[in-house]
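Structural characterization, general
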Amino acid sequence: MQTAVGVFGGEASADGVDMPPLMAENTGSSNRPAISSLNCPPFIAMELCRENMGVNLYNKRRCISEYKHMFPAIDFSLVETDDDVWWSPDTKEKFEDVAARGVKFMKWLLSRKEKEIVVVSHAVFLHRALDAYGDDCHPTLKKEMSI
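Within each chain, residue numbers correspond to sequence positions counted from 1 in written order. In view of the model being predicted, local features appear only for residues whose pLDDT reaches at least 70, and side-chain atom pairs are presented and counted only at 80 or more, with totals across whole chains, interfaces and linings using the full set of residues. Only heavy atoms go into the side-chain values, all of them from the structure, while hydrogens and water stay out.

Quick look at a nonpolar patch on the surface
We count it as follows: Like-charged residues within 9 Å of one another, or nonpolar side chains (Val, Leu, Ile, Met, Phe, Trp, Tyr) within 5 Å, are grouped into patches, provided each residue has over 30% relative accessible area and no salt bridge. Each accessible area is a Shrake-Rupley result for a 1.4 Å probe, and residues are judged covered by the shown protein chains and nothing else. A pairing counts as a salt bridge when a side-chain nitrogen of Lys or Arg comes within 4 Å of a carboxyl oxygen of Asp or Glu. Elements are defined by DSSP. Helices are runs of H or I of four residues or more, strands are runs of E of two residues or more, and each kind is numbered from the N terminus. Relative accessible area decides the class of each residue, using a 1.4 Å probe on protein chains only: under 20% of the type maximum gives buried, over 50% gives exposed, and in between gives partly exposed.
Taken together, the side chains of Val 7, Phe 8, Val 118 and Val 120 present a nonpolar region at the surface, about 350 Å² in accessible area. Relative to the helices and strands, Val 7 resides in helix α1 (residues 2–8). Residue classification places Val 7 among the exposed positions, given a relative accessible area of 57%.

Digging into the packing of helix α3 (residues 95–110) against helix α4 (residues 123–131)
For any two helices packed against each other, the geometry comes down to the angle between their axes and how far apart the axes lie. So the rule is basically this: In this analysis, axes come from line fits to C-alpha atoms, helices being fitted only over the stretch in contact, and the angle between any two N-to-C directions falls in the range 0 to 180 degrees. Geometric relationships in this document are graded by angle, where less than 35 degrees denotes roughly parallel, more than 145 denotes roughly antiparallel, 65 to 115 denotes roughly perpendicular, and other angles denote oblique. Throughout, a contact is declared for two residues whenever any of their heavy atoms are within 4.5 Å. For this scheme, ten residues count as nonpolar: Ala, Val, Leu, Ile, Met, Phe, Trp, Tyr, Cys and Pro. Four count as charged, namely Asp, Glu, Lys and Arg, and the remainder, Gly too, count as polar.
At a minimum axis distance of 8 Å, the contact between α3 and α4 shows a crossing angle of 75 degrees. Here α4 runs roughly perpendicular to α3, going by the angle between their axes. Within the contact between the two elements, α3 uses Phe 95, Val 98, Ala 99, Arg 101, Gly 102 and Phe 105 and α4 uses Val 124, Phe 125, Arg 128 and Ala 129. Broken down by class, the residue content of the contact of α3 with α4 amounts to seven nonpolar, one polar and two charged.

Thoughts on the packing of aromatic side chains
Quick reminder of the rule: Pairing of aromatic rings covers Phe, Tyr and Trp, the last through its six-membered ring, and needs centres within 6.5 Å; plane angles under 30 degrees mean stacked, over 60 mean edge-to-face, and all others mean tilted.
Under the defined criterion, the tally for this structure stands at three aromatic pairs. Between Phe 105 and Phe 125 the ring centres are 5.9 Å apart and the planes differ by 75 degrees, which places this aromatic pair in the edge-to-face class. Within this pair, whereas Phe 105 is found in helix α3, its partner Phe 125 is found in helix α4, the two being separated by 20 residues in sequence. With respect to burial, Phe 105 and Phe 125 carry one shared label: buried.

Some words on α3
Threshold: Multiplying 1.5 Å by the helix residue count minus one yields the expected span of that helix. Picture the helix axis, draw a direction to every C-beta atom, and the arc is the one those directions span.
Compared with an ideal rise of 1.5 Å per residue, which puts 16 residues at 22 Å, α3 spans 22 Å between its outermost C-alpha atoms and is within 8% of the ideal. For α3, the set of buried residues is Val 98, Ala 99, Arg 101, Gly 102, Phe 105, Met 106 and Leu 109. Buried residues along α3 cover an arc of 160 degrees about the axis, so they all sit on one side. Of the exposed residues in α3, the ones pointing more than 90 degrees away from its buried face are Glu 96, Lys 104 and Lys 107.

Examining unusual backbone geometry
Not every positive phi belongs to a glycine, and Asn 26 is a case in point at roughly 60 degrees. In this fold, Asn 26 is placed in the loop between α1 and α2 (64–70). Classification of Asn 26 as partly exposed rests on a relative accessible area of 38%.

What follows is the structure, encoded as structure tokens:
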């Protein structure tokens, strides 16, 4: 989220405009100032497009209540649980399951009313999600993914 906020964050706060920041000051011990949400596109957190899950602790997300504090202007309403109930210390998510989750995410994405959408996720998720579409990908994308 920090990268997406840094790239797509809003303009500097204007005098008299009270808006929550996209990212709070010093988030993640970053020693960075807060990033404004003024005139930036909406940010929506969607659990379906997260990295593959299980075994590795770095694939476990923090509690949503922590993220809400760090990223006040991001909409987390589509994430159903505060704790990460999808992650397991004993079972790694199969690539086929990541692909199925990717297809489900793409169906949700295509149902959105917006015409221009940026998806920020992780390499394994994006690769498996797009790989599920196989020959339906653009030739440039096929080459990039070595399909």
